[in-house]
Amino acid sequence: MIRAKQELLHALQGALDGLAAAHGVAAPAAAFESPKQAAHGDLAVTAAMPLARSARRNPRELAAALVAALEPAPAFRRWVAALEIAGPGFVNLRLAPAARQAVVAEVLDAGDRYGQRPASGRRVMVEFVSANPTGPLHVGHGRNAALGDSIANLLATQGDEVHREFYYNDAGVQIANLALSTQARLKGLRPGDDGWPEAAYNGEYIADIAAEYAARRTVRADDREFTASGDADDLDAIRQFAVAYLRHEQDLDLRAFGVRFDHYYLESSLYTDGRVEQAVRGLVASGKTYEKDGALWLRSTEYGDDKDRVMRKSDGSYTYFVPDVAYHVAKFERGFAKVINVQGTDHHGTVARVRAGLQALGLGIPDGYPDYALYKMILVMRGGQEVKLSKRAGSYVTLRDLIDWTSRDAVRFFLVSRKSDAEFTFDVDLALKAGDDNPVFYVQYAHARICSVLAQYRAGPGGPSGPAEADLSLLDAPSEAALMLKLAEFPDMLARAAADLAPHDVAFYARELAAAFHAYYAAERFLVADPALAAARMALLAATAQVLRNALAVLGVSAPRQMVRETEPEVAA
C-alpha cells in the first residue's frame, strides 16, 4: 500500500495544482487523513476546503471539481474503488482491495525495516536521564529513560544518526553532601545521631557505599573506575569512590532497563576546559549583559524570556543555566544539527534562558535550539495504596523497585503510554495482570497468539510453501481489510511520532493494531481446509506479527512468542 499511497498522493497533488492554477491561488499540499468513522471510507482528502477559502468558492463545488480531476488519473483508476463527496467538502476514498492487500507483501519484504526511512545524513543528539550520582535512580528517572530511549529509536527510524548522551555533575554541592554522608557512615554515625550532617543522604545505600569503601573495593562504571583507600579522613577519595559506586549502580539499573549511552559528559569538564568562562566572555562581548546589584545579568527578555536572568551572582559563582549554555554550545560545535533534552517539567524555566543565551552569543545556532521533551513525575500505586518509600533509597520509589515488582517490558510500555507532560499513575497490580486490561500484555499476547497459529500451520500438511507465495487477493473479509489498513498506517504514524517527539503515539498504535488482530482472530478461522486461503491468511498474520515487533522495538519492549492468558477464550484457529 505504500506504493499505492505514493502514486495516489502524486496524482492528488497534480489535481490540486491544476485547480489552484485555474483559480489563481496557491495549491495546498496533498495529504490523506483517516476518516473518523470506518463507514466513511479508507482515506479522506480535506484540501478542497482551504483551496475554496483561498479561491472564494463553494467548497463542495471545488470538491466536485477535484473528484472530476482525480477519476481519470491512472493511479486512482488502479487503486481506488470509489470517490465520494461528504459534508462541507470532504472527499472520501474507498480503496480497491488490491491497494489494501499490497501492504502484506510490502511488510514481509521489508521485515524489521518496514516503516523506516533511508539515512538522512542528519546528526541528532538525545540527552536523557542525566541523573547526578547521589542515589539510586527513581521512578522519574525511569520515565525519563523510557522517553529518551524511545525518542532516540523513533528518530533512528527516520534515518537520523542518533547519539545518546548522559550529562551529570560530579563535583557540585550535592556530590559534596554525598561524600560527607559516606564519611559519616564510615565513622559509625547513622541518620539522627549527633554529628550526622544536616544535608546528608539518609538511604541505606550510603551504608553500602561506606562498607565497600572500607573494604577497599574497586568499582567500575561505564565512564570511570576507582579503587578505595579505606581512609575515612580522605574526603576527596571518598567522593570519587562514592561517585564511581553510584554510577556503577546507575549502569546496572539502566542495563536492566535496556538503555545504553554513547557518551557521558561531565559538568565539571565545562569549567576545567574553560567553556563556561568562554561562554560568559562571549555574552559580555555581545552587549547582551549588564551589571546590577553586584551581579551579572543576561538580557534574556530580548529573546522571549519573562524576565532577565542572573548569570553571575554577587559572590562570584555562576547560576546553573550558564554551564547549560556552555554545554549546548559544545553540542552544536560537535555537529549535532538537532538536540533533544528530556527533562522534568520542573525544568520548564530553563528552556527560555538557555535558548536566550545561545542566541545572544551570535554563533549561528538555530532559533529554538535545543528542543525539549518535558515530562511529569508519576504516582505509584500498589494494592490500592500509593507507594512513596523504598527500603533502599529511604525516601522514594526506585526504578529497580518497579522492574523487580513487575517487569522491564511493563515498566517501559507503561511509562510511554501517555503524553509525557500528562499526569500518570503506575498501577503495579495492573502491570502484573495477564489479561486484556493490561495494555502491554494485550499487545504482546497478540504477537504470541500469531506465533502459535503460524507454528500450527508450519507443522500441518501441504499448501503453498509459505506466506510469501500466497494469493493475497483472497483476503477480502471485512476484518482483514481493517487489519491491512492498520498495517499500512505504520510508516506515517512513525514519521508523525518522530516529528512530535511522541512515543506514546507508538504505544497507542500498538494497542490499536493488537485490537484489529484480536477482532480478526474472533471473526475468522485461519487453519482452513482451503490451502490457498490458509496461506493468504498466514501471510497476513506474519505481516501483523512483524509490525507488532517493529512497534514494540521502538519502545524497547520485547515480543514474546509464547504467553498464557488468565482466561483463554475458546476460539478455534
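For clarity, every value in this text was computed on a predicted model and none was experimentally measured.

(A) Structural view of the overall build of the protein. Looking only at helices and strands, the protein has 21 helices and 16 strands in total. On the principal axes, the C-alpha backbone points of the protein span a range of 85 × 65 × 40 Å. Residues classed as buried in the protein amount to 52% of the 573 residues present. Look at the contacts in the protein between residues 6 or more apart in sequence, and 70% of them connect residues 24 or more apart. Working note: accessible area of the protein is about 25200 Å², and carbon and sulfur atoms make up 49% of it. Of the charged side chains in the protein, 63 are positive and 72 negative, and the gap between their average positions amounts to 3 Å.

(B) Quick look at the packing of helix α11 (residues 275-285) against helix α12 (residues 321-333). Contact pair α11 / α12: the axes reach a minimum separation of 9 Å and the direction vectors enclose 95 degrees. Between α11 and α12, the crossing angle belongs to the class labelled roughly perpendicular. Along its contact with α11, which presents Arg275, Val276, Ala279 and Val280, the element α12 presents Val322, Pro323, Ala326, Val329, Ala330 and Glu333.

(C) Broad picture of the layout of surface pockets. Its boundaries defined by the atoms lining it, the largest pocket holds a volume of some 1200 Å³. Only α6 (139-157), β5 (161-168), α7 (173-186), α10 (267-272), α12, β12 (338-344) and β13 (371-375) provide two or more residues apiece to the lining of the largest pocket. When grouped by side-chain class, the residues that make up the lining of the largest pocket number 18 nonpolar, 19 polar and five charged. Lining the second largest pocket are 32 residues; nearest its centre among them are Ser34, Asp42, Leu485, Lys486 and Glu489. Going through the elements one at a time, α1 (2-23), α18 (478-488), α19 (490-500) and α20 (503-523) are the ones with two or more residues in the lining of the second largest pocket. Broken down by element, the residue count for the lining of the second largest pocket peaks at six residues, all from α18. Here the residues of the lining of the second largest pocket sort into 17 nonpolar, three polar and 12 charged.

(D) Up close: the sheet that holds strand β16 (residues 424-427). Ordered by their spatial adjacency, three strands build an open sheet running β15-β14-β16, and the pairing between neighbours is mixed. Only two strands of the sheet have a single partner each, and these edge strands are β15 (385-386) and β16. Summarising the sheet, strand β14 (residues 378-382) and β15 pair through two bridges and their orientation is antiparallel. By the bridge assignment, Arg382 is partnered in β15 with Gln385.

(E) Representation of the packing of α19 against α20 in the model. Their axes nearest at 8 Å, the elements α19 and α20 cross at an angle of 155 degrees. With respect to α20, the element α19 is oriented roughly antiparallel. α19 and α20 meet at a crossing whose hand is right-handed. Where α19 abuts α20, its residues Phe490, Met493, Leu494 and Ala497 lie against Asp505, Val506 and Tyr509. For the contact of α19 with α20, a count of residues per class yields six nonpolar, no polar and one charged.

(F) Seen up close, unusual backbone geometry. Here the amide bond leading from Tyr369 into Pro370 is cis, since omega sits at 0 degrees, within 30 degrees of zero. Checked against the element boundaries, Pro370 lands in the loop between α13 (348-361) and β13.

(G) Looking closely at the pattern of salt bridges. Summed over all chains, the structure comprises 37 salt bridges. Among the ionic pairs, Asp149 bridges to Arg412, the shortest N-O distance being 2.7 Å. Of this pair, Asp149 sits in helix α6 while Arg412 sits in helix α15 (residues 408-415), placing them 263 residues apart in sequence. Overall, Arg412 belongs to the buried group, its relative accessible area being 0%.

(H) View of the environment of Val325. The residue Val325 is located in helix α12 in this model. Owing to a relative accessible area of 1%, Val325 belongs among the buried residues under this scheme. Sequence-wise, Val325 and Gly357 are 32 residues apart; in three dimensions their C-alpha atoms are separated by 6.1 Å. In this structure Val325 touches Arg353, Val354, Gly357, Leu358 and Leu361, once residues within four positions along its chain are discounted.

(I) Representation of the packing of aromatic side chains. Under the criterion given, the structure shown has 19 aromatic pairs. Taking the centre distance of 5.5 Å and the plane angle of 65 degrees together, the rings of Tyr213 and Phe241 count as edge-to-face. Remark: Phe241 occurs in helix α9 (residues 235-256) and Tyr213 occurs in helix α8 (residues 204-214); sequence separation between them is 28 residues. Like Phe241, Tyr213 is buried. Between Tyr290 and Trp297, the ring centres sit 6.1 Å apart and the planes meet at 10 degrees, which makes this aromatic pair stacked. Feature note: the residues Phe128, Phe166, Tyr168, Phe261 and Tyr264 constitute an aromatic cluster, connected by ring pairs. Lying over the aromatic face of Phe166, Arg247 brings its terminal NZ or CZ to 5.0 Å of the ring centre. Its end group placed over the ring of Trp297, Lys292 keeps NZ or CZ at 5.6 Å from the ring centre.

Conventions and cut-offs
- One numbering rule holds for all chains: residues counted from 1, following each sequence as written.
- Only residues with pLDDT of at least 70 are given local features in this predicted model, and only at 80 or more are side-chain atom pairs given and counted; all residues enter the totals for whole chains, interfaces and linings.
- Hydrogen atoms and water are omitted, and side-chain values are computed over all heavy atoms in the structure.
- Counting from the N terminus, the helices are the DSSP runs of H or I reaching at least four residues and the strands are the DSSP runs of E reaching at least two.
- Type-normalised accessible area, obtained with a 1.4 Å probe on protein chains alone, sets the label of each residue: buried when under 20%, exposed when over 50%, and partly exposed for intermediate values.
- Here a residue-residue contact requires only that any non-hydrogen atoms of the pair lie within 4.5 Å.
- The Shrake-Rupley method, run with a 1.4 Å probe sphere, supplies the accessible areas, and residue values consider only the shown protein chains as cover.
- In summary, the charge assignment counts Lys and Arg as positive and Asp and Glu as negative, without counting His or the chain termini.
- Note on charges: their place is set at NZ of Lys, CZ of Arg, CG of Asp or CD of Glu.
- Orientation is described by axes fitted as lines to C-alpha atoms, over the contacting stretch for helices, and by angles from 0 to 180 degrees between their N-to-C directions.
- Comment on the angle field: the value is read as roughly parallel under 35 degrees, roughly antiparallel over 145, roughly perpendicular from 65 to 115, and oblique elsewhere.
- Throughout, the protein atoms alone are placed on a 1 Å grid, and a set of points is a cavity if a 1.4 Å probe fits but cannot get out or a pocket if it is open with protein on both sides within 12 Å along at least five of seven lines; lining residues have an atom within 4 Å of a point.
- Grid points are joined across faces, edges and corners, and a volume is the space filled by probe spheres set on the points.
- Polar here means any residue outside two lists: the nonpolar Ala, Val, Leu, Ile, Met, Phe, Trp, Tyr, Cys and Pro, and the charged Asp, Glu, Lys and Arg; Gly therefore counts as polar.
- At least two bridges found by DSSP between two strands are what make those strands a pair.
- By convention, the crossing between two helices is left-handed when the near helix turns anticlockwise from the far helix through less than a right angle, and right-handed when the turn is clockwise.
- Salt bridge, as applied in this entry: a Lys or Arg side-chain nitrogen positioned within 4 Å of an Asp or Glu carboxyl oxygen.
- Pairs were defined over the aromatic rings of Phe, Tyr and Trp, the Trp ring being its six-membered one, requiring ring centres within 6.5 Å. Orientation was assigned from the angle between planes: stacked under 30 degrees, edge-to-face over 60, tilted for the rest.
- When the NZ atom of lysine or the CZ atom of arginine is within 6 Å of a ring's centre and also within 35 degrees of its normal, the charge is said to sit over that ring.

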